[in-house]
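# Structure at a glance
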Amino acid sequence: MKTKSSFPLKLTQRRNIAILNSFQMDAERLIVVTKRIFQEYNFRTEEQTNSVHFIYPVGFTTHSGDNELAGMRTLRKGTIELIELPSHTIEIKSSINLKHLAIIATGIGLVFCFVGYYISESGWHIKLIVFSLILIAMILVIGRKSIKNRVARILKEIVEGASKST
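Reading the values: rules and limits
- Residues numbered from 1 in each chain as written.
- Predicted model: local features only at pLDDT ≥ 70, side-chain atom pairs only at ≥ 80, totals over all residues.
- Heavy atoms only, no water.
- Axes fitted to C-alpha atoms, helices over the stretch in contact; angles between N-to-C directions.
- Helix = DSSP H or I, 4+ residues; strand = E, 2+ residues; numbered from the N terminus.
- Parallel < 35°, antiparallel > 145°, perpendicular 65-115°, else oblique.
- Left-handed = near helix turned anticlockwise from the far one by under 90°.
- Contact = heavy atoms within 4.5 Å.
- Nonpolar A, V, L, I, M, F, W, Y, C, P; charged D, E, K, R; others polar.
- Buried < 20%, exposed > 50% of the residue type's maximum accessible area, 1.4 Å probe, protein only.
- Pairing = 2+ DSSP bridges.
- Salt bridge = Lys/Arg side-chain N within 4 Å of Asp/Glu carboxyl O.
- Polar contact = N/O pair within 3.5 Å; in protein donor to acceptor, adjacent residues only side chain to side chain.
- Phe/Tyr/Trp six-rings, centres within 6.5 Å; stacked < 30°, edge-to-face > 60°.
- Lys NZ or Arg CZ within 6 Å of the ring centre and 35° of its normal.

## Overview of the packing of helix H2 (residues 99-119) against helix H3 (residues 125-164)
- At a minimum axis separation of 9 Å, H2 and H3 run at an interaxial angle of 155°. Relative to H3, H2 is oriented roughly antiparallel. For the pair H2 and H3, the crossing hand works out as right-handed. Contacts between H2 and H3 involve Leu-101, Ala-102, Ala-105, Thr-106, Ile-108, Gly-109, Phe-112, Cys-113, Gly-116 and Tyr-117 from the former and His-125, Leu-128, Ile-129, Phe-131, Ser-132, Leu-135, Ile-136, Ile-139, Leu-140, Gly-143, Arg-144 and Ile-147 from the latter.
- Split into classes, the residues belonging to the contact of H2 with H3 amount to 15 nonpolar, 6 polar and 1 charged.

## With respect to the pairing of strand S6 (residues 89-97)
- Across the 9 residues that make up S6, a large majority, 9, are buried.
- Of the two faces of S6, the one lined by Thr-89, Glu-91, Lys-93, Ser-95 and Asn-97 and the one lined by Ile-90, Ile-92, Ser-94 and Ile-96 are each fully buried.
- Relative to S6, strand S2 (residues 10-18) is paired through 9 bridges, and the arrangement is antiparallel. Along S6, the bridge assignment pairs Arg-14 with Lys-93.
- Summarising the sheet, strand S5 (residues 77-85) and S6 pair through 8 bridges and their orientation is antiparallel. Bridge pairing in S6 places Leu-85 opposite Thr-89.
- Taken together, S5 and the strand that follows it, S6, pair antiparallel across an intervening segment of 3 residues, in which His-88 is found at a positive phi of about 60°.

## Regarding the pattern of salt bridges
- Enumeration according to the criterion identifies 4 salt bridges in this entry.
- Arg-14 serves as the salt-bridge partner of Glu-91, at 3.0 Å between the closest nitrogen and oxygen. With Glu-91 in strand S6 and Arg-14 in strand S2, this residue pair connects regions lying 77 residues apart in the sequence.
- The residue Asp-26 makes a salt bridge to Arg-29 at a minimum N-O spacing of 2.8 Å. Taken together, the residues Asp-26 and Arg-29, both in helix H1 (residues 23-40) and 3 residues apart, mark about one turn of the helix. Each member of the pair, Asp-26 together with Arg-29, is buried.

## What about the environment of Ile-158?
- Following the sequence through the fold, Ile-158 ends up in helix H3.
- Excluding anything up to four places from it in sequence, Ile-158 contacts Leu-30, Val-33, Thr-34, Ile-37 and Ile-92.

## Some thoughts on the side chain of Ser-94
- Secondary-structure assignment places Ser-94 in strand S6.
- Filtering out sequence-adjacent residues up to four positions away, Ser-94 remains in contact with Leu-11, Thr-12, Gln-13, Thr-79, Ile-80, Val-151 and Leu-155.

## Looking at the side chain of Thr-45
- The residue Thr-45 is located in strand S3 (residues 44-48) in this model.
- Side chain to side chain, Thr-45 and Gln-39 meet in a polar contact 3.2 Å long.
- Sequence-distant contacts of Thr-45, defined by excluding residues within four places in its chain, comprise Lys-35, Phe-38, Gln-39, Val-52, His-53 and Phe-54.

## Observations regarding the packing of aromatic side chains
- Tallying each qualifying case throughout the model produces 5 aromatic pairs.
- Judged by centre distance (5.5 Å) and plane angle (85°), the rings of Phe-38 and Phe-43 are edge-to-face.
- Residue Phe-38 is classed as buried on the basis of its relative accessible area of 1%.
- Taken together through their ring pairs, the aromatic side chains of Phe-38, Phe-43, Phe-54 and Tyr-56 make up a single cluster.
- The ring of Tyr-41 carries the charged tip of Arg-150 above its face, separated from the ring centre by 5.3 Å.

Take a look at the structure:
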């Protein structure tokens, strides 16, 4: 599995699978499996030609607390695209948007910095700023690694699900 490391706002991973019948037949089977897997994880899916867009809908409407942590989800939207390669294989390419991870990391770092800034002694202000920047960087790195591992598991499930449905 190949991973493209363009950290700013996208994470791209690729996985290849051999074409068994024709590209169109195998792509249709893979799209059905992909949609089923994302729907099991409560993602909303939208099918387009040889790709599936997925998004995790966040609704803050319940009063029971079910959706309290839904706003903190970092894997919210992305695309799974199927590309025909000349070597009689299909490349499954995932592109994940990391914008929500960056927003959450920055928010947590800023809250820590502001709260610490107003309740600490004046000598700690610079240290708090540095620590909050380190905290933001740690959240970004750990969150990106977590998202990368989760998407790798989903891609593995897609390949295994397509193998089982033949």
